[in-house]
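# Observations on the model geometry
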Amino acid sequence: MGRLTRELQFADGLNPAQWEALRFIAQANKYSRSPTALAEYLGATKGTVSQTLIALENKGLITRCKKTCDRRQVDLCLTEAGQAMLAKDPMQTLEQASQEIAEELGGAMVKGLTRLLHDLQARHQVGGFGVCQECSLFCVNSGNGSLDAADGTCGSTGETIDGDEKSKICINYKTVS
C-alpha cells in the first residue's frame with residue numbers, strides 16, 4: 001500500500017512531498033499553516049520543506065503571507081491554482097476505495113487503523129496532529145448543546161476557534177486521555 005500510494009502521487013508535475021504539502025495547507029488551521037508546522041507534520045527537515053514550498057510557489061500553487069499578529073511568521077495559503085490542483089488529487093482513488101470498504105466494515109476498520117496509528121506514534125515517539133474539536137484543549141463556547149454548531153476556545157492560545165477552523169488540523173493538538 002505504501003509503495004502504491006507513493007507511486008500514485010507522481011502526477012500532474014508534482015511529487016509525493018508536494019502533494020502532501022498541498023493537502024496539509026488545505027487542511028491546517030490558522031496555527032498550523034507555517035513551514036515549521038508542515039515540517040513537523042511531514043517528519044521532514046526545514047530545509048526539505050523549504051525546497052518543497054519553493055517548488056509549489058514557483059508553480060503558482062501556494063503563497064506565503066506575513067501573519068498580521070507577528071510579521072516574522074509566515075502563513076501558507078493555497079492559490080486558486082492550488083485548490084484546482086487538489087481537486088485532481090491522485091489520492092482520491094484511495095479515499096473512494098476506503099469509503100467502499102468502510103461501508104462494509106464500518107467502525108471496526110477505523111478503530112483498528114486509529115489504534116495502529118497511535119501505537120506507531122508512541123513506539124517512534126512521534127507527536128500526533130489532530131483536529132481542534134477532538135482536542136483535549138478545545139472548550140465549547142456555545143450554550144446550544146450542539147458540539148457540531150458550537151465555536152470554542154483553544155486552551156493553548158486562549159483564542160476563539162470558529163466552526164470552520166475547529167475541523168482543521170492543529171499543531172497544538174493534545175489527545176484526550
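Just above, that's the structure.
Let me sum up the structure you'll find in this document.

Scoring rules and cut-offs
Residues numbered from 1 in each chain as written. Predicted model: local features only at pLDDT ≥ 70, side-chain atom pairs only at ≥ 80, totals over all residues. Heavy atoms only, no water. Helix = DSSP H or I, 4+ residues; strand = E, 2+ residues; numbered from the N terminus. Buried < 20%, exposed > 50% of the residue type's maximum accessible area, 1.4 Å probe, protein only. Contact = heavy atoms within 4.5 Å. Areas by Shrake-Rupley, 256 points an atom, 1.4 Å probe, with all protein chains shown as cover. Salt bridge = Lys/Arg side-chain N within 4 Å of Asp/Glu carboxyl O. Pairing = 2+ DSSP bridges. Phe/Tyr/Trp six-rings, centres within 6.5 Å; stacked < 30°, edge-to-face > 60°.

So, about the overall build of the chain. Along the chain, the regular secondary structure elements total 7 helices and 7 strands. Each helix (α) and strand (β) of the chain, taken in turn from the N terminus, gives the series α-α-α-α-β-β-α-α-α-β-β-β-β-β. Taken over 177 residues, the chain has a buried fraction of 33%. Within the chain, residue pairs in contact and separated by at least 24 positions form 53% of the contacts whose partners lie at least 6 positions apart. Carbon and sulfur atoms make up 52% of the accessible area of the chain, which amounts to about 11,000 Å² in all.

Moving on to the environment of glutamine 92. Within the secondary structure, glutamine 92 is located in helix H6 (residues 92–105). Overall, glutamine 92 belongs to the partly exposed group, its relative accessible area being 30%. Look past the residues within four positions of glutamine 92 in its chain and what remains in contact with it is Leu86 and Ala87.

Below, the discussion takes up the environment of glycine 130. Its place among the elements puts glycine 130 in strand S3 (residues 130–131). Among the residues examined, glycine 130 registers a relative accessible area of 13% and is labelled buried. The spatial distance from the C-alpha of glycine 130 to the C-alpha of tyrosine 173 is 5.5 Å, given a sequence separation of 43 residues. Those residues in contact with glycine 130, other than ones at most four positions away along the chain, are Lys168, Ile169, Cys170 and Tyr173.

This next bit is on the pattern of salt bridges. Inspection of the entire model under this criterion finds 10 salt bridges. Measuring nitrogen to oxygen at the nearest pair gives 3.2 Å for the salt bridge that ties arginine 3 to glutamate 7. Remark: glutamate 7 and arginine 3 occur in helix H1 (residues 2–8); sequence separation between them is 4 residues, near one turn of the helix. The salt bridge partner of glutamate 165 is arginine 33, with a shortest N-O separation of 3.9 Å. On the criterion of sequence distance, the pair formed by glutamate 165 in the loop between strand S6 (160–161) and strand S7 (169–170) and arginine 33 in the loop between helix H2 (16–27) and helix H3 (35–42) is long-range, its members being 132 residues apart.

This brings us to the sheet that holds S6. Taken in spatial order, the 3 strands of this open sheet run S4-S5-S6, and their pairing is antiparallel. Whereas interior strands pair on both sides, the edge strands pair on one side only; in this sheet they are strand S4 (138–140) and S6.

This brings us to the packing of aromatic side chains. What the rule picks out here adds up to 1 aromatic pair. Taking the centre distance of 4.6 Å and the plane angle of 35° together, the rings of phenylalanine 24 and tyrosine 41 count as tilted. With phenylalanine 24 in helix H2 and tyrosine 41 in helix H3, this pair connects stretches of sequence that are 17 residues apart. Taking relative accessible area as the criterion, phenylalanine 24 reaches 1% and is therefore assigned buried.

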